[in-house]
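Read off the chains here:
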Amino acid sequence: MSENTWNLKNKTALVTGATNGIGKVTALRLAAQGGRVVIVSRSVEKCSATVDEIRTQTGNPNVEWIAADLSTLAGVDEAAAEFRARHQELHVLVNNAGGFFAERIVTADGYEMTFALNHLNYFRLTQQLRDLLVSSAPARVVNVSSDAHYGGAMNFEDLMGAQKYSSWRAYSQSKLANVLFTYALARQLEGSGVTANALHPGFVASGFGRNNSGWMGMLMPLVQLFAIKPDKGAETSVFLATSPAVSRVSGKYFANSKEKESAAISYDQTTQDRLWAISEQLIQSAQHALPTEAAASSQA
Ligand SMILES: NC(=O)c1ccc[n+]([C@@H]2O[C@H](COP(=O)([O-])OP(=O)(O)OC[C@H]3O[C@@H](n4cnc5c(N)ncnc54)[C@H](OP(=O)(O)O)[C@@H]3O)[C@@H](O)[C@H]2O)c1
């Protein structure tokens, strides 16, 4: 397909974390362009209401949901399995579901929540759907990171903050992991027709941070008075998912729909490969430790 003919009509997109904020607007915009859009978030009620809203607003009936907790590997696997049961093609995967956790939370797999939801979820979901992306090529992976990654460092000795937890460190590390993962993925996918790019959406007034109690939960609505609206915050995600201008661009970081240099460490292939290997090990260990159980529900 030439650069000028890429559009979403007759294409299938999957957007995670699409019941609120940036993901919801992203899904709506992709549906408005005529694509089949599948959203994934935790709550059956919120998924169902969001799909109704997007269908009504866009007039596109081809919008679906899968409810799954993407902070657990069983949840990610169930979401991927449900998607595969319904669809043979995937042209756009937007890994967007993420969060900020003021207190250290441990997931069902025994992993720290920020690392599990913000990184392992992106990594595992993409791996589980990778063959579909490749067989559907041209296709795109869009990973929602953050400029917070500039302040991040990969603490491989204590990735889960078990020795010392700082919410900011955990968040910026997870967003650096998004960029490292994107670049490693882009290298692996070279020549396949599947691109992988990461982005900063801007500082967006959304549900972000509001899940926390205490000072963080109280502060967020005030701080977000100075933030851009999700409509604007979704622009770079939509640009990377749909613009013909980036049909062949891969392994890059974007903000305001423009390519931008990411943190120096993000370009380090040894660090990229180290994170990749550790992510695979963590997935292996979780699978050995836990019985697989049905973790996703979906519309009939
Ligand atoms: N807002 C900002 O200023 C900002 C800045 C830079 C980067 N980002 C990034 O942008 C992305 C989206 O954030 P946002 O601001 O739009 O946040 P948001 O309004 O809080 O939306 C988060 C979405 O993720 C879903 N989600 C949360 N936990 C989940 C889980 N365990 N399993 C499945 N889905 C889950 C939520 O749905 P349910 O609650 O229904 O599950 C919701 O749809 C994140 O990756 C964030 O790091 C945001």
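Structure shown above.
This one's a predicted model, so the numbers in the text were calculated from it and none came from an experiment.

### Focus on the layout of surface pockets
Part 1 of the reasoning: Here the largest pocket is characterised by a volume of approximately 1100 Å³.
Part 2 of the reasoning: Around the largest pocket, the lining comprises 43 residues; the ones closest to its centre are Gly98, Gly99, Gly207, Phe208 and Gly209.
Part 3 of the reasoning: Elements represented by at least two residues in the lining of the largest pocket include exactly α1 (21–32), β2 (36–41), α4 (113–136), α5 (167–189) and α6 (214–223).

### Looking at the environment of Arg130
Part 1 of the reasoning: Its location among the elements puts Arg130 in helix α4.
Part 2 of the reasoning: As a C-alpha pair, Arg130 and Leu189 span 59 residues in sequence and 9.4 Å in three-dimensional space.
Part 3 of the reasoning: Other than its neighbours up to four places away in sequence, Arg130 contacts Leu185, Gln188, Leu189 and Trp276.
Part 4 of the reasoning: A polar contact is formed between the side chain of Arg130 and the side chain of Gln127, at a distance of 3.2 Å.

### Overview of empty space enclosed by the protein
Part 1 of the reasoning: In this structure the tally under the stated criterion is one cavity of 30 Å³ or more.
Part 2 of the reasoning: A volume near 30 Å³ is recorded for the largest cavity.
Part 3 of the reasoning: Every residue lining the largest cavity is listed: Arg140, Val141, Val142, Thr195, Asn197, Leu240 and Val246.
Part 4 of the reasoning: Listed by contribution, the elements that provide at least two residues to the lining of the largest cavity are β5 (139–144) and β6 (194–200).
Part 5 of the reasoning: Looking at the lining of the largest cavity element by element, the count peaks at three residues for β5.
Part 6 of the reasoning: Looking at the lining of the largest cavity residue by residue, the classes come out as four nonpolar, two polar and one charged.

### A few points about the site of the ligand
Part 1 of the reasoning: Taken together, 30 residues lie around the ligand, and Thr19, Asn96, Tyr171, Val204 and Ser206 are the ones closest in.
Part 2 of the reasoning: Take Tyr171: an N or O atom from its side chain is 2.7 Å from an oxygen atom of the ligand.
Part 3 of the reasoning: In isolation the ligand offers 890 Å² of accessible surface; the protein chains occlude 94% of this area.
Part 4 of the reasoning: Given that more than half its atoms are within 2 Å of the pocket grid, the ligand belongs to the largest pocket.
Part 5 of the reasoning: Elements with a contribution of two residues or more to the shell around the ligand: α1, α4 and α5.
Part 6 of the reasoning: Grouping the amino acids of the shell around the ligand by side-chain chemistry returns 13 nonpolar, 13 polar and four charged.

### Focus: a nonpolar patch on the surface
Part 1 of the reasoning: Together, Phe203, Trp215, Leu219, Leu222, Val223, Leu225 and Phe226 line one region of the surface with nonpolar side chains, adding up to about 800 Å² of accessible area.
Part 2 of the reasoning: Among the secondary structure elements, Leu225 is positioned in the loop between α6 and α7 (230–233).

### Considerations on unusual backbone geometry
Part 1 of the reasoning: Going from Ala137 to Pro138, the amide bond is cis rather than trans, its omega being 5 degrees.
Part 2 of the reasoning: Phi is positive for Asn256, which is not a glycine, with a value near 50 degrees.
Part 3 of the reasoning: Mapped onto the secondary structure, Asn256 falls in the loop between β7 (253–255) and β8 (258–260).

### Observations regarding the environment of Lys232
Part 1 of the reasoning: Relative to the helices and strands, Lys232 is located in helix α7.
Part 2 of the reasoning: Measuring from C-alpha to C-alpha, the distance between Lys232 and Pro201 comes to 8.2 Å, with 31 residues separating the pair along the chain.

### Focus on the pairing of strand β4 (residues 92–95)
Part 1 of the reasoning: On β4, burial covers both faces: Val92 and Val94 on one face and Leu93 and Asn95 on the other are all buried.
Part 2 of the reasoning: Sheet analysis places strand β1 (residues 12–16) next to β4, joined by three bridges and oriented parallel. For Ala13, the partnering residue across the bridge sits in β4 and is Val92.
Part 3 of the reasoning: As paired strands, β4 and β5 are joined by four bridges and run parallel to one another. Its bridge partner being in β5, Val92 is matched across the sheet by Arg140.
Part 4 of the reasoning: Assessed by its sense of winding, the connection that carries the chain from β4 through α4 to β5 is right-handed.

### Regarding the pattern of salt bridges
Part 1 of the reasoning: Counting across every chain of the model gives eleven salt bridges.
Part 2 of the reasoning: Put simply, Arg29 and Asp231 hold a salt bridge, and the shortest N to O gap is 3.8 Å. Taken as a pair, Arg29 in helix α1 and Asp231 in helix α7 lie far apart in primary sequence, 202 residues in all.
Part 3 of the reasoning: The class of Asp231 is partly exposed, set by a relative accessible area of 45%.
Part 4 of the reasoning: Of the charged contacts in the structure, one is a salt bridge between Asp273 and Arg187, with a shortest N-O distance of 2.9 Å. Placement of Asp273 in helix α9 (residues 269–289) and of Arg187 in helix α5 is noted, with a sequence separation of 86 residues between them.
Part 5 of the reasoning: One connected set of salt bridges, linked through shared partners, spans Arg36, Glu64, Glu82 and Arg86.

What counts and how
- Residues numbered from 1 in each chain as written.
- Predicted model: local features only at pLDDT ≥ 70, side-chain atom pairs only at ≥ 80, totals over all residues.
- Heavy atoms only, no water.
- 1 Å grid on protein atoms, 1.4 Å probe; cavity = no way out; pocket = protein on both sides within 12 Å on 5 of 7 lines; lining within 4 Å.
- Points joined across faces, edges and corners; volume = space filled by probe spheres on them.
- Helix = DSSP H or I, 4+ residues; strand = E, 2+ residues; numbered from the N terminus.
- Contact = heavy atoms within 4.5 Å.
- Polar contact = N/O pair within 3.5 Å; in protein donor to acceptor, adjacent residues only side chain to side chain.
- Nonpolar A, V, L, I, M, F, W, Y, C, P; charged D, E, K, R; others polar.
- Near = heavy atom within 4 Å.
- Areas by Shrake-Rupley, 256 points an atom, 1.4 Å probe, with all protein chains shown as cover.
- Sits in = over half its atoms within 2 Å of the grid points.
- Patch = residues over 30% accessible without salt bridge, like charges linked within 9 Å, V, L, I, M, F, W, Y side chains within 5 Å.
- Salt bridge = Lys/Arg side-chain N within 4 Å of Asp/Glu carboxyl O.
- Buried < 20%, exposed > 50% of the residue type's maximum accessible area, 1.4 Å probe, protein only.
- Pairing = 2+ DSSP bridges.
- Right-handed = clockwise from strand over helix to strand, strands pointing away.

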